[in-house]
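Inside the fold
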Amino acid sequence: MMCTAKKCGIRFQPPAIILIYENEIKGKSRQRIMPVRNFSKFSDCSRAAEQLKNNPRHKSYLEQVSLKQLEKLFSFLRGYLQGQSLEETMKQIEQETTIDPEEDLNKLDDKELAKRKRIMDELFEKNQKKKDDPDFVYDIEVEFPQDEQVQSCGWDTESADEF
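Residues numbered from 1 in each chain as written. Predicted model: local features only at pLDDT ≥ 70, side-chain atom pairs only at ≥ 80, totals over all residues. Heavy atoms only, no water.

Quick reminder of the rule: UniProt positions are given in the numbering used here, feature names are shortened, and annotations may be inferred rather than shown by experiment.
As recorded in an unreviewed UniProt entry, the chain goes by the name Centrosomal protein of 19 kDa, listed as coming from Dipodomys ordii. In its Sequence similarities (unreviewed entry) section, the UniProt entry covering the chain states "Belongs to the CEP19 family."

Structure, rendered in C-alpha cells:
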C-alpha cells in the first residue's frame, strides 16, 4: 500500500494512535485508528512504540512516522493514565529529552546514561555540518582575539629553568 503520512496523534479514551494519511493511488485522505492494547501507566513507551511500528497490520502505514514521535505519543498516554495534566506531561517529556549541562553524568545508572548519550548523539547529528550542506566550508581558520595578557602557569616556567 502506497501512502503518505500527514498527521499522527493520540486518543486517550479508548487509547489509540490515530494516523491521517493520503492514499497515493487514489489521492484521498484517510484516517487509520490503531488501538493501543495492554498498555498501563507502568509500561515502557519505547518498547510499545517498537511493537506498534513492527506490527504487520500497521507497518506499511507507519513507515514514515519516526519511532521517536511514537515514543512521545505513548509518553502522553502514560502521563494521562498516571493522572497528570497535559501541561505536566509536556514538562516531563521536555525534561527527559533535554540535557542539563550542570548535571553530573557520573552519578547516573547505565540506562539513564545511555539515554543521555542517545540524546547527545541526536543533537550532534542535527547540528553537524555535512559536505552536502549549502553552507559547508572546508578547512575554516579562525583567529581568536587576545584581549588580555596570556596567563602563564607556574609549573611550566619552573620546569624550563631546571633543564
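From this point, the narrative continues.
**Notes on the packing of aromatic side chains**
Note the following rule: Two rings from Phe, Tyr or Trp (for Trp, the six-membered ring) form a pair when their centres sit within 6.5 Å of each other. Planes less than 30 degrees apart are called stacked, planes more than 60 degrees apart edge-to-face, and all others tilted. Strands here are runs of E lasting at least two residues and helices are runs of H or I lasting at least four, both read from the DSSP assignment and numbered beginning at the N terminus. Note on classification: 1.4 Å probe, protein chains only; a residue is buried when its accessible area is under 20% of the maximum for its type, exposed when over 50%, partly exposed between these limits.
Evaluation of the coordinates by the stated rule reveals 3 aromatic pairs. Taken together, a centroid distance of 4.6 Å and an interplanar angle of 20 degrees make the contact between Phe12 and Tyr80 stacked. Within this pair, whereas Phe12 is found in the loop between strand E1 (3–11) and strand E2 (16–23), its partner Tyr80 is found in helix H2 (residues 67–81), the two being separated by 68 residues in sequence. Using a relative accessible area of 25% as the deciding quantity, one classes Phe12 as partly exposed. Summarising the aromatic geometry, the rings of Phe39 and Phe74 are spaced 5.2 Å apart at their centres and angled 50 degrees between planes, so their arrangement reads as tilted. With Phe39 in the loop between strand E3 (29–35) and helix H1 (45–54) and Phe74 in helix H2, this pair connects stretches of sequence that are 35 residues apart. Accessibility classification places Phe39 together with Phe74 in one group, the buried group.

**Describing the pattern of salt bridges**
Which entries qualify depends on this criterion: Only one rule defines a salt bridge in this text: a Lys or Arg side-chain nitrogen within 4 Å of an Asp or Glu carboxyl oxygen.
Taken as a whole and assessed by the stated rule, the structure comprises 6 salt bridges. For Lys6, the salt bridge goes to Glu22, with nearest N and O atoms at 3.9 Å. Within this pair, whereas Lys6 is found in strand E1, its partner Glu22 is found in strand E2, the two being separated by 16 residues in sequence. Members of the salt-bridge network, linked through shared partners, are Lys68, Arg118 and Glu122.

**Some details on the sheet that holds E3**
As a reminder of what qualifies: Note on pairing: DSSP must find at least two bridges between two strands before they are called paired. Axis lines are fitted to C-alpha atoms, over the contacting stretch for helices. Their N-to-C directions set the angle, which ranges from 0 to 180 degrees. Note on contacts: a residue pair qualifies if any of its non-hydrogen atoms lie within 4.5 Å across the two residues.
Spatially, 3 strands are ordered E1-E2-E3 in an open sheet, and the strand pairing comes out antiparallel. At either margin of the open sheet sits one strand with a lone partner, and together these are E1 and E3. When strand polarity is set aside, the average angle formed by the axes of neighbouring strands in this sheet is 25 degrees. Of the strands in this sheet, E1 and E2 touch H2, which is tilted by about 20 degrees from E1.

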